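Descriptive analysis of the structure
Each chain, letter by letter, is given below.
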Amino acid sequence: QLVESGGGLVQAGGSLRLSCAASGGTFSMYPMGWFRQAPGKEREFVAGISSDGGSTEYSDSVKGRFTISRDNAKNTVYLQMNSLKPEDTAVYYCAARADTRGSTWYSVRTHIYEYDYWGQGTQVTASS
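Throughout, a residue's number is its position along its own chain's written sequence, starting from 1. Local features in this predicted model are restricted to residues of pLDDT 70 or higher, and side-chain atom pairs are both shown and tallied only at a pLDDT of 80 or more, whereas totals for entire chains, interfaces and linings draw on every residue. Side-chain metrics rest on all non-hydrogen atoms present in the structure, leaving aside hydrogens and water.

Details of the sheet that holds strand S7 (residues 66–71)
On the basis of which strands lie adjacent, the open sheet formed by four strands has the order S1-S3-S8-S7 and antiparallel pairing. Two strands lie at the open edges of the sheet, namely strand S1 (2–5) and S7, each paired on one side alone. The average undirected angle you get between the axes of adjacent strands in this sheet is 15°. Any two strands with at least two DSSP bridges between them are considered paired. Strands are runs of DSSP state E lasting at least 2 residues, helices are runs of H or I lasting at least 4, and numbering of each runs from the N terminus. Inter-axis angles, ranging from 0 to 180 degrees, are taken between N-to-C directions of lines fitted to C-alpha atoms, where helices are fitted over the stretch in contact.

Topic: the environment of Ser23
Within the secondary structure, Ser23 is located in the loop between strand S3 (16–22) and strand S4 (32–37). For every residue, the accessible area (1.4 Å probe, protein chains only) is compared with the maximum for its type, and the residue is labelled buried under 20%, exposed over 50%, or partly exposed between those bounds. For Ser23, a relative accessible area of 39% corresponds to the partly exposed category. Sequence separation between Ser23 and Ala90 is 67 residues; the distance between their C-alpha atoms is 25 Å.

Regarding the environment of Ala126
Secondary-structure assignment places Ala126 in strand S11 (residues 122–127). Overall, Ala126 belongs to the buried group, its relative accessible area being 5%. For the pair Ala126 and Leu79, spaced 47 residues apart in sequence, the C-alpha separation works out to 15 Å. The criterion used for residue contact is that any of the two residues' heavy atoms lie within 4.5 Å. Once residues within four sequence positions are removed from consideration, Ala126 is found in contact with Val10, Leu84, Lys85, Pro86 and Thr89.

Details of the pairing of strand S5 (residues 44–49)
Burial runs high along S5: five of the six residues are buried. Alignment of S4 against S5, held across five bridges, turns out to be antiparallel. Opposite Trp34, over in S5, you have Ala47 as the bridge partner. In sequence, S4 turns back onto S5 through a hairpin of six residues, with Gly40 there showing a positive phi of about 75°. By the bridge criterion, three bridges tie S5 to strand S6 (residues 56–58) in an arrangement that is antiparallel. The residue bridging Gly48 from the neighbouring strand is Glu57, located in S6.

What is shown is where atoms sit, not what they do.
Encoded structure:
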């Protein structure tokens, strides 16, 4: 189970930190990701992190402003969002990849279909 928190309303230029708490699995083995979906748009990749936290990837639209991190002792992944823009407004979802088959099971994933479990989402609104 994945539960997101930390969303809210913020002025453009402000910051928020999202958290995603995981339960019911071996969190430290799962690559994790953050995705978002704005009204009328498809869900898109925002950031991903490898199972040990050593590798990260970002979409071009958030690179340099957002930071993904994880604390495997707390079974939690974070998304620090700085310099928020109105176009960042969306429902943000965390996702976990639980498939540990293959030689690269621990690697960062960037596609929706690569993830097995999803949270319920948290609303982020950046007002202009």
